[in-house]
Amino acid sequence: MEVTTKSMPYGDWKDNEYIEGMVNELKANGVNVVVGSLDKLINWGRSNSIWPLTFATSCCGIEFISLGAARYDMARFGWEVARSSPRQADFMMVAGTIVHRMAPVVRRLYDQLAEPKYVIATGGCAISGGPFRHSYHVVKGVGEIIPVDVYCPGCPPRPEAMIYAIMQLSRKIKVERFFGGVNRQEKQQDFLKNHPLDKMAD
Amino acid sequence: MANLQAIVAEKFPEAEIVNGETLELNVPDAKWHSLATTLKNELGFDNLTALIGMDWGDLLGVVYYLTNTSTWEVVRVKVTTADRVKPMLHSITDLYAVAGIYEREVYDFYGIIFINHPDMRRLFLRNDWVGFPFRKDYDANPEVNPVRLDHEKVDDVTVSYVETAPGKIEKRKVEIFSPEQFVVNIGPQHPATHGVLRLRTAVDGETITKIDLYLGYIHRGIEKLCEGLTYPQTLHFTDRLDYLSAMINRHALCLCVEKALNLEVPRRAQVIRVMMDELMRISSHLLAIGTFCMDLGATTMLFYPLRERETILDILERTTGARMTFNYNCIGGVIADLDPNFQADVKKLLEIMPKAIKEYNKVFTGNVIAHNRMDGVGVLSEADAKDYNCTGPTGRASGWACDIRKRHPYGIYSELQFDEVVRHEGDSMARFKARISEMEQSCRILAQLVDQIPEGDICAKVPKIIKLPEGHWFQQVEACRGAFGVYIESAGGNQPLRVKFNSPGFCLAGAVDHLTRGEKIADLITIGGSLDYVVPDIDR
Amino acid sequence: MQDLSFITRWIDNFLSGTLHFPEWLTVTTECVLIGLVLLLLYSVLALFYILFERKVCAYFQCRLGPNRVGPWGILQSVADMFKILIKELISLNHVDKFLFGLAPFLVIIASMLSFSVLPWGNGLQVVDFNIGIFFLLAVSSIGVLGILLAGWSSNNKFTLIGALRSGAQMVSYELSIGLSVLTMVCFAGTMSVSGIVAQQEHTWFIFSGHIPAIIAFLIYVVAGTAETNRGPFDLPEAESELTAGYHTEYSGIHFGFFYLAEYLNLFIIGGVAALLFFGGWMPLHIPGWDGFNACMDYIPSVLWFLMKAIAVTFVMIWFKWTFPRLRIDQLLAFEWKYLLPINLFNLVLMVLVITFGLHF
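What comes next concerns the included structure. (Residues numbered from 1 in each chain as written. Chains lettered and ligands numbered in written order. Predicted model: local features only at pLDDT ≥ 70, side-chain atom pairs only at ≥ 80, totals over all residues. Heavy atoms only, no water.)

### Observations regarding the overall build of chain B
Of regular secondary structure, chain B possesses 18 helices and 17 strands. Taken over C-alpha atoms, the radius of gyration comes to 23 Å for chain B, in line with the 24 Å a tight globule of 540 residues would show. Its C-alpha atoms give chain B principal-axis dimensions of roughly 70 × 60 × 50 Å. Accessible surface for chain B amounts to roughly 17,600 Å². Of this, 50% is attributable to carbon and sulfur atoms. One finds the centroid of the 60 positive side-chain charges in chain B at a distance of 2 Å from the centroid of its 74 negative side-chain charges. (Helix = DSSP H or I, 4+ residues; strand = E, 2+ residues; numbered from the N terminus. Rg over C-alpha atoms; globule rule 2.2 N^0.38 Å. Areas by Shrake-Rupley, 256 points an atom, 1.4 Å probe, with all protein chains shown as cover. Lys, Arg positive; Asp, Glu negative; His and termini not counted. Charge placed at Lys NZ, Arg CZ, Asp CG, Glu CD.)

### Some remarks on the pattern of salt bridges
If charged atoms from side chains of opposite charge come close, those side chains can pair. Under the criterion given, the structure shown has 55 salt bridges over all chains. With a closest N to O distance of 3.3 Å, Glu 278 of chain B and Arg 405 of chain B form a salt bridge. Linking Glu 278 of chain B in helix 7 (residues 267–295) with Arg 405 of chain B in helix 13 (residues 404–407), this pair joins segments that are 127 residues apart in sequence. A single burial state applies to Glu 278 of chain B and to Arg 405 of chain B, both of which are buried. Here the salt bridges do not stand alone but share partners, grouping Glu 63 and Arg 71 of chain A together with Glu 310, Asp 314 and Arg 323 of chain B into one network. (Salt bridge = Lys/Arg side-chain N within 4 Å of Asp/Glu carboxyl O. Buried < 20%, exposed > 50% of the residue type's maximum accessible area, 1.4 Å probe, protein only.)

### Overview of the sheet that holds strand 4 (residues 60–67) of chain B
Residue and element names in this part refer to chain B. With mixed pairing, five strands are arranged side by side in an open sheet as 1-2-5-4-3. Looking at the sheet topology across the chains shown, the edges are occupied by strand 1 (16–18) and strand 3 (47–55). For this sheet, the mean inter-axis angle between neighbouring strands, taken without regard to orientation, is 20 degrees. Note that strand 4 and strand 5 (residues 74–81) share eight bridges and pair antiparallel. Looking at the pairing, Thr 67 lines up with Val 74 of strand 5. Relative to strand 3, helix 3 (residues 99–110) is tilted by about 5 degrees, and along the sheet it contacts strand 3 and strand 4. (Pairing = 2+ DSSP bridges. Axes fitted to C-alpha atoms, helices over the stretch in contact; angles between N-to-C directions. Contact = heavy atoms within 4.5 Å.)

### Describing the interface of chain B and chain A
Contacts between the two partners involve 52 residues from chain B, matched on the other side by 47 residues from chain A. Roughly 4,100 Å² of surface becomes buried between chain B and chain A when both sides are summed, with 64% attributable to carbon and sulfur atoms. The tally of links between chain B and chain A comes to four salt bridges. Note that Asp 314 of chain B is salt-bridged to Arg 71 of chain A, the shortest N-O span being 2.8 Å. Our enumeration of links across chain B and chain A arrives at 13 residue pairs in polar contact (both at pLDDT 80 or more). Mapped onto the side of chain B that touches chain A, the elements with two or more residues apiece are helix 4 (222–226), helix 5 (231–239), helix 7 and helix 8 (300–320) of chain B. (Buried area = accessible area lost by both parts, 1.4 Å probe. Polar contact = N/O pair within 3.5 Å; in protein donor to acceptor, adjacent residues only side chain to side chain.)

### Some points on helix 1 (residues 16–27) of chain A
All names here are of chain A. Between its first and last C-alpha, helix 1 extends 16 Å over twelve residues, near the 16 Å set by a 1.5 Å rise per residue. If you check which residues of helix 1 are buried, you get Asn 16, Ile 19, Met 22, Val 23 and Leu 26. In an axial view of helix 1, the angular spread of the buried residues amounts to 125 degrees, which keeps them on one side of the axis. Looking at the buried residues of helix 1, the elements they touch are helix 6 (159–174). (Expected span 1.5 Å × (residues − 1). Arc of directions from axis to C-beta.)

### Structural notes on the packing of aromatic side chains
Aromatic rings in a pair are described by how distant their centres are and how their planes are angled relative to each other. Enumeration over the complete set of coordinates arrives at 49 aromatic pairs over all chains. Between the aromatic rings of Phe 484 of chain B and Phe 501 of chain B, the centroid separation amounts to 6.0 Å while the plane-to-plane angle is 20 degrees, which identifies the pairing as stacked. Residue Phe 484 of chain B is found in strand 16 (residues 482–490), and its partner Phe 501 of chain B is found in strand 17 (residues 498–502); the two are separated by 17 residues along the sequence. The two residues Phe 484 of chain B and Phe 501 of chain B agree in class, both being buried. Consider the rings of Phe 105 of chain C and Phe 257 of chain C, whose centres lie 5.1 Å apart with planes at 70 degrees: the pair is edge-to-face. In this pair, Phe 105 of chain C sits in helix 4 (residues 97–115) while Phe 257 of chain C sits in helix 12 (residues 252–277), placing the two residues 152 residues apart along the sequence. What makes Phe 257 of chain C buried here is its relative accessible area of 17%. Three or more aromatic residues joined by ring pairs form one cluster here, namely Tyr 42, Phe 48, Tyr 49, Phe 52, Phe 60, Phe 115, Phe 267, Phe 305, Phe 314 and Trp 318 of chain C. (Phe/Tyr/Trp six-rings, centres within 6.5 Å; stacked < 30°, edge-to-face > 60°.)

### Topic: empty space enclosed by the protein
All names here are of chain B. Scanning all chains against the criterion turns up six cavities of 30 Å³ or more. As a volume, the second largest cavity reaches approximately 110 Å³. Taken together, 16 residues make up the lining of the second largest cavity; nearest its centre are Thr 49, Asn 389, Thr 391, Gln 476 and Ala 483. Sorting the residues of the lining of the second largest cavity by element identifies strand 3 and helix 15 (504–510) as the ones contributing at least two each. For the lining of the second largest cavity, the per-class residue count stands at eight nonpolar, eight polar and no charged. Per-domain counts for the lining of the second largest cavity show at least three residues from each of domain 1 (2–175) and domain 2 (222–539). (1 Å grid on protein atoms, 1.4 Å probe; cavity = no way out; pocket = protein on both sides within 12 Å on 5 of 7 lines; lining within 4 Å. Points joined across faces, edges and corners; volume = space filled by probe spheres on them. Nonpolar A, V, L, I, M, F, W, Y, C, P; charged D, E, K, R; others polar. Domains from an automatic or database assignment.)

### So, the nonpolar core
Within the largest apolar cluster, 199 residues are counted, with the highest numbers of intra-cluster contacts made by Val 142 of chain A together with Trp 32, Leu 48, Tyr 64 and Val 77 of chain B. Considering every element that reaches this core, the biggest residue donor is helix 7 of chain B, with twelve residues. Domain assignment of the residues forming this core places at least three in each of domain 1 (2–175) and domain 2 (222–539) of chain B. Setting aside residues up to four positions removed in sequence, Tyr 64 of chain B forms contacts with Trp 32, Leu 48, Ala 50, Leu 51, Val 75, Arg 76, Val 77, Val 79, His 90, Ile 92 and Phe 114 of chain B. Counting residues in each nonpolar core, the second largest holds 93 residues, with Ile 90, Ile 133, Val 185 and Ala 188 of chain C among its members. (Core = buried A, V, L, I, M, F, W, Y, C linked by side-chain atoms within 4.5 Å.)

### Observations regarding the sheet that holds strand 17 of chain B
All names here are of chain B. Spatially, three strands are ordered 15-16-17 in an open sheet, and the strand pairing comes out antiparallel. Two strands in the sheet have a free side with no partner beyond their single neighbour: strand 15 (471–479) and strand 17. On average, each strand axis in the sheet is inclined to that of its neighbour by 10 degrees, with strand direction left out of account.

### Description of the pairing of strand 5 of chain B
Residue and element names in this part refer to chain B. Counting buried residues along strand 5, six of its eight residues qualify, which places the element largely inside the surrounding structure. In this structure, strand 2 (residues 23–27) lies alongside strand 5, joined through five bridges in parallel fashion. In the sheet register, Asn 26 faces strand 5, and the bridge partner there is Lys 78. Between the end of strand 4 and the start of strand 5, which pair antiparallel, lie six residues, with Trp 72 showing a positive phi angle near 60 degrees.

### Some points on the layout of surface pockets
Put simply, the largest pocket is a space of about 1,200 Å³. As for the largest pocket, its lining consists of 38 residues, and the residues nearest its centre are Arg 108 and Gln 112 of chain A, Asn 185 of chain B together with Asn 156 and Glu 249 of chain C. Per-element accounting of the lining of the largest pocket gives the leading share, five residues, to helix 4 (residues 103–112) of chain A. Broken down by class, the residue content of the lining of the largest pocket amounts to 14 nonpolar, 16 polar and eight charged. Here the second largest pocket is characterised by a volume of approximately 700 Å³.

### Regarding the interface of chain C and chain A
With 34 residues of chain C in contact, the opposing surface of chain A contributes 34 residues. The junction of chain C with chain A conceals about 2,900 Å² of combined surface from both sides, 55% of it contributed by carbon and sulfur atoms. With its nearest N and O atoms 2.7 Å apart, the salt bridge here joins Asp 90 of chain A to Lys 87 of chain C. Applying the counting criterion to the chain C and chain A interface returns 20 residue pairs in polar contact (both at pLDDT 80 or more). For the side of chain C that touches chain A, the secondary-structure elements that each account for two or more residues are helix 3 (76–85) and helix 12 of chain C.

### Some remarks on helix 9 (residues 342–365) of chain B
All names here are of chain B. Taking 1.5 Å of rise per residue, the 24 residues of helix 9 would be expected to cover 34 Å, and the 32 Å separating its terminal C-alpha atoms lies within 8% of that figure. Considering bend angle alone, the principal kink of helix 9 is centred on Met 353 and spans about 25 degrees; proline Pro 354 follows within four residues of it. Among the residues of helix 9, those classed as buried are Phe 342, Asp 345, Val 346, Leu 349, Leu 350, Met 353, Ala 356, Ile 357, Tyr 360, Phe 364 and Thr 365. (Bend = angle between axes of the 7 residues up to and from the residue.)

In short, geometric facts, not functional conclusions.
Next up, the structure:
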């Protein structure tokens, strides 16, 4: 099944195989008509209304401001309702380097987000530590402490790249299932079990 | 200078005086505090420009740069200790307020305890961090300090090492917040802290009684990383310090290395550098006033300056290929030639800017509520600005003429016509207006240069492997938020022994507690916005 | 002017006449129907307002605003609603669970009750009793209770500060609202909503009451903005100071209630302003211009009411996005030192105008 969006033709997406793989995984057990269409409706709502948490640590945060400004205007997609309280946000754009002292805070913010919650690792630093990878005080990728849905490379990524990343997230949400089936929550729980709060499993 | 030398030699015979680029005084720790008193009270060195912790392998110590703000003389003082187990030096917090935060930084990185400092806690790293990372013998094994996901314990009590009699040191407990105080934790994740600053704020109703500053939520150890890289490799970190004055920071590091190499930079490169710096300054101030207005609640005023900022970013992007981390300056000049349309683009910008500034004033500056919120809020006196080393628009809004472009001109700034924006109110409104006037001055500089870009090389001939001779160099430039200093100490190889970025934001953050005492919670946001610190610049 | 009460009369006749319902059943059915209609209207209006504000502020800021979901982005807030409905409700430890759950309902019930008094059109009004305006003021004050409870029960310092700010602010500005409404009630001589509307058949109060009415209108809009916790008086939820103020800890549909109530309160303020100053659902009549008046009569009364309310709220949205926020002490000083004395003076002025018949 092709997961399409209004803003971009299907062929222009870079990693369709991944999303299609997800769709096949979901379809493996077949879908009830009623549940399926309910799911569609819910996912339509969710994928079109992803509110970011205002969270930025460094340069990528400034590009995130640019994303909200006149030229790139993320309001077109309905993403401009940036909530300062994690309880009300849908996804967290980890924009910038995460250091040792910040790590517990990031984890707590993630835990405070209400389900369904998503994470976009934005920029080299959040993905792998970037130019600061060899520092004594830098976490080598935010993926070590919270589960990440979309990686958005760049240093910092251009606002266009950020739009692409959030649109990818939106596509990922579109193929989710609310009622039963392959549940991303299970994967999330697995991740959190492997990365307990008191000690990192290495 | 000679006078100074004579007085010091007479009063402090044990001080070793070295003549160099700046006058250097080496004193034993026992005499240091009285020397500092003399320097400040008798010789007029009332500004502590930089305080740099050092590890020379056998010796630990601190290098001080003091400035006389009336003559702009600089003196360098070196104090060392051979004790590596429990190194102790005397604090000068009682003389220079900014030393309070600087000395905590040195304690955090080198473990040097400052006697009589009221608050000897770690500043950047977690309380439970093992070791002192900037020491040459630091154990960098990640197993010693793994990524911990448990929250560190927050202490309301700190320690202070007090000298009760000469040579007798007593460890005392100092209370930061009493149990009755209502402490609100603002940050690290808070929309108005401009990043990840953490301010534990004690409030009485809406009035702030004390702020305890926590840094290090984006401390990336850039200075330590530089010690393991060659000089050209260290350049890219400067773009990521204060990413809003990326060009200027990089300019500073290049200047410092060029000074060490005695390198003559081609005229064309110098002009390009200055133009880029001023473009950067305009774009940074645009964002600064925008986010400041947003913090005050006027959201629309964020978007108008951002619109003009995009125009500037376009100009920069056409030449450098990037929107934020430009990697444009290099040792000896600049990395690539200008875009063919550069001059036309800048001229177009110069046409837009006056109209835009008029519009900002119309939308925001004249607003009654804006005046109520900003007039008389967070007043910083001139003496305090020097004491807390608050440079840049903040210092100049308090009446301290501290523009490095005028005081220690670098590049071609001495040939240019521009006014130093000095205001005397010292409040948030003055800081806001100073930024707007500085944009006008930057436009003036650009207008002078846009048709005067000479032809020629863009980069001097530099050796393939850059090795600096043994020695130390300190170079300051005027970044968007104040004087940005780079200190390099080299032992002669192709890698530095120590690189220190003396960032303006660090001192601004140190002044927050002083500025907010007795103000309202809402004023904390006003003051923070008007100081316009960038947190990665503070934490490095 | 077409009288729309024939619809309600027809339903009444249908239930009791055609279906032969006993009286109690008729009344119950009608109540349920009205409740459903109000709920529907409430949510549709809230969704409309959310989108409207986002679009309007986007245009102020040289942006486009939502334009991807549905044609011209009109389904954006519907998508938001779907999402909020199924978003997780986080249960917190160490909170007063009962009050924490009660608070959003108090807020939304308060705004719904005041919503029901508004005169929607000629003959379209849910309850029309002789103290309608009084009832409106009374029920809209319940909202502050919800906000205070929300802030208090969340066990969070930010929400507590937000709630206390909100308490001080709303109690103060309630006075201004009350007094400016009182001024207009004096002028109208009745507290009944339909009575006030009927009096404005020929000229709206803002014209006939001239100076005191204009002053009352300005004060009403300022105080109304403060009542709805919107910028420049949005201190209880000052984003840059208190993260999200009193509703920081609320998630999912509980937060949705606060969110909806905020926009609906905006509409209610607009609606009451339309009722008191711009003739409710009455069309614009200029004495002497009979042709013009007849033309105006062709525009349905419901449209008139909505247009007036939206026009007033547009102005409120306009200054929300332009002005910076006040500080709490300035906010209270503004009310007690300026608005209240002006208001009292204005009331006396209005009484003089009425006594000496200086109005049109």
